[in-house]
Amino acid sequence: MSGESLNQITVNRSALRHNFHLLQKKAGHGVRLLAMVKADAYGHGMKEAAAVFSEAGCRDFGVAELGEGVSLRESGIRDNIFVFLGCLRSDVPLFFEHNLIPVIFSLESAQALSDEGVKRGTCIPVHVKVDCGMTRLGLFPDALAGFLLELQRLPGVKVGGIASHFPRADDRNSSHTTEQFRIFNSLDVNVGIRHTANSGGILYFPQTCCDMVRAGISLYGYYPDGFSGIEFEPEELLRPAMEFNTCVLQVKTVPANVGVSYGHTYVTKKESILAVLPVGYEDGLSRSISNKGEVLVHGQRAKIRGRICMNLCMVDVTHIENVHAGDAVMILGAQRNDTISGDEIADWMESISYEVLCLFGNNNERKYI
Ligand SMILES: *Cc1c(COP(=O)(O)O)cnc(C)c1O
């Protein structure tokens, strides 16, 4: 075991499977559930997570960039892989070689794809992105009909569907999603499948599910609006799939009025026992939660004291009995009767669970159970 990191991310496959089945039920059994596995499956490992979803019945996968799509294909996924950031001219051959579906929003990429299709004597399916109010990628609704007409003239591409994306579906009290969906729904085109719902859409605006939904954060066990999103029937709850645990490196007793870590931003008020942990911002523990965040030691909360360093941080264990070097520490997840969730850490960071999962998962060794 030499050389192994003291920091360990554990990904629970059965939680991923449970979330997939629960979301499939919520979306409706006739609706395709696309698994968003971009950003290395929000830190859970793209190959491993996609394999679990595939086994659970998933036939559609989504990534942001071409390189991710190629890796996913090479990992053995045989089903649809959608690349959401479109297709550059120079990337065109790779879409054909790896049988990837580009989500496009410009005539230039359509033309380049079609030329390559003609050259290869084939026709590539594309989906068209429409911007109904996100103000990010996509054509405006009034440009869609003209765009589709142009595509009809290109023999090497075939439109398989249209897609849009919600900016505010995590807010179930906002009427924006309903309004945006009305615009999407009124697009009077008959082109394959329609998809616009993200996790917020599936959970809070089920009427927006259409032919396919694109689940990201919810597959990994989190509600897009954090704490307030939690529904209370236990069998209906999403299950967080990631845990982050580490251990105590050293325990030291320090007198009152001692500065802790860089800048001495914390000064002990009384004699204190500090545990030094091998976790820092390099491991995804954001420096912004210095003097703010907490971890679990022996099932009890210990506050981070002083600045989080690159590979280390200190926590106050004065109130916890018998803490020794080597004791288990939970950064994200449950220990005994308490749990620190990604939403709680996100709150300390003034961010969202998505960022916490990416930071932890993509900066540490992962193990699968
Ligand atoms: C990331 C992403 C999703 C998934 O969003 P969640 O809020 O994580 O469910 C869906 N669609 C697109 C286009 C995305 O980029």
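Residues numbered from 1 in each chain as written. Predicted model: local features only at pLDDT ≥ 70, side-chain atom pairs only at ≥ 80, totals over all residues. Heavy atoms only, no water.

Within strand S14 (residues 272-277), 5 of the 6 residues are buried, leaving the element largely enclosed by the surrounding structure. As paired elements, strand S11 (residues 250-254) and S14 share 5 bridges and run antiparallel to each other. Of the residues in S14, the one forming a bridge with Lys252 is Leu274. In this sheet, strand S17 (residues 313-316) lies alongside S14 in antiparallel orientation, the contact comprising 4 bridges. Following the sheet pairing, Leu274 is matched in S17 by Asp316. (Buried < 20%, exposed > 50% of the residue type's maximum accessible area, 1.4 Å probe, protein only. Helix = DSSP H or I, 4+ residues; strand = E, 2+ residues; numbered from the N terminus. Pairing = 2+ DSSP bridges.)

Across all of its chains, the model carries 17 salt bridges by this definition. One salt bridge in this structure joins Glu294 and Arg301, with 2.8 Å as the shortest N-O distance. The partner of Arg301 in a salt bridge is Asp338, with the nearest N and O atoms 2.9 Å apart. Here Arg301, found in strand S16 (residues 300-305), pairs with Asp338, found in strand S19 (residues 338-340); they are 37 residues apart in sequence, far enough to count as distant. Each of Glu294, Arg301, Lys303, Asp338 and Glu344 takes part in one network of salt bridges that share partners. (Salt bridge = Lys/Arg side-chain N within 4 Å of Asp/Glu carboxyl O.)

This next bit is on unusual backbone geometry. Of note in the backbone geometry, Ala39 takes a positive phi value of approximately 55° without being a glycine. Here Ala39 shows up in helix H2 (residues 38-42).

A contiguous nonpolar patch, built from Leu6, Leu249 and Leu312 and spanning about 240 Å² of accessible area, is present on the exposed surface. Along the chain, the position of Leu249 falls in the loop between strand S10 (242-247) and S11. (Patch = residues over 30% accessible without salt bridge, like charges linked within 9 Å, V, L, I, M, F, W, Y side chains within 5 Å. Areas by Shrake-Rupley, 256 points an atom, 1.4 Å probe, with all protein chains shown as cover.)

Between helix H10 (residues 342-349) and helix H11 (residues 353-361), whose axes approach to 8 Å, the crossing angle comes to 100°. Taken as axis vectors, H10 and H11 run roughly perpendicular relative to one another. Of the residues in H11, those touching H10 at Gly342, Asp343, Ile345, Ala346 and Met349 are Ser353, Glu355, Val356, Leu359 and Phe360. Of the residues contributing to the contact of H10 with H11, the split by class is 6 nonpolar, 2 polar and 2 charged. (Axes fitted to C-alpha atoms, helices over the stretch in contact; angles between N-to-C directions. Parallel < 35°, antiparallel > 145°, perpendicular 65-115°, else oblique. Contact = heavy atoms within 4.5 Å. Nonpolar A, V, L, I, M, F, W, Y, C, P; charged D, E, K, R; others polar.)

By nearness alone, 13 residues border the ligand, and Lys38, Tyr42, Ser199, Ile217 and Tyr354 come closest of all. The separation between an oxygen atom of the ligand and a polar main-chain atom of Ile217 is 2.8 Å. Bound to the protein, the ligand loses 91% of the 390 Å² it would expose on its own. Secondary-structure elements contributing two or more residues to the shell around the ligand are H2 and strand S9 (212-215). Considering only residue class, the shell around the ligand consists of 6 nonpolar, 4 polar and 3 charged. (Near = heavy atom within 4 Å. Polar contact = N/O pair within 3.5 Å; in protein donor to acceptor, adjacent residues only side chain to side chain.)

This brings us to the state of the cysteines. Every disulfide links exactly two cysteines, by a covalent bond between their sulfur atoms. In the structure shown here, the tally under the stated rule is 0 disulfides. This cysteine, Cys58, is not joined by any disulfide, and Cys209 carries the nearest cysteine sulfur, 15 Å off. Just so you know, Cys87 is unpaired, no disulfide at all, and the nearest cysteine sulfur is the one on Cys123, 14 Å from it. (Disulfide = S-S within 2.5 Å.)

This part is about the sheet that holds strand S7 (residues 157-163). Reading around the circumference, S2-S3-S4-S5-S6-S7-S8-S9 is the order of the 8 strands in this closed barrel, with parallel pairing throughout. Averaged over all neighbouring strand pairs, the angle between strand axes comes to 30°, with direction disregarded. Judged from the 3 bridges that link them, S7 and strand S8 (residues 193-197) form a sheet pairing that is parallel. What sits directly across from Gly161, in S8, is Ile193. The sheet strands contacting helix H6 (residues 107-120) are strand S5 (101-104), strand S6 (124-129) and S7, and the helix crosses S5 at an angle near 150°.

This part covers the packing of helix H1 (residues 13-27) against helix H3 (residues 46-55). Packing of H1 against H3 leaves a shortest axis separation of 9 Å and a crossing angle of 50°. One way to sum up the angle between H1 and H3 is to call them oblique. As for how H1 packs across H3, the hand of that crossing is right-handed. Mapping the contact onto sequence places Arg13, Leu16, Arg17 and Phe20 in H1 and Ala49, Val52 and Phe53 in H3. Residues of the contact of H1 with H3, tallied by class, amount to 5 nonpolar, no polar and 2 charged. (Left-handed = near helix turned anticlockwise from the far one by under 90°.)

Another point: the nonpolar core. Ranked by size, the top nonpolar core spans 114 residues in total, and within it Phe53, Leu113, Val128, Leu151, Tyr220 and Phe360 carry the most contacts. Other than its neighbours up to four places away in sequence, Phe53 contacts Leu16, Phe20, Ala35, Val37, Cys58, Phe61, Leu219 and Tyr220. Membership of the second largest hydrophobic core comes to 6 residues, among which are Val254, Leu274, Val276 and Met314. (Core = buried A, V, L, I, M, F, W, Y, C linked by side-chain atoms within 4.5 Å.)

Let us now look at H10. Within H10, 7 of the 8 residues are buried, which leaves the element mostly enclosed by the surrounding structure. Gly342, Asp343, Glu344, Ile345, Ala346, Trp348 and Met349 are the residues of H10 that are buried. In the stretch just after H10, Glu350 is the one whose phi turns positive, near 55°.

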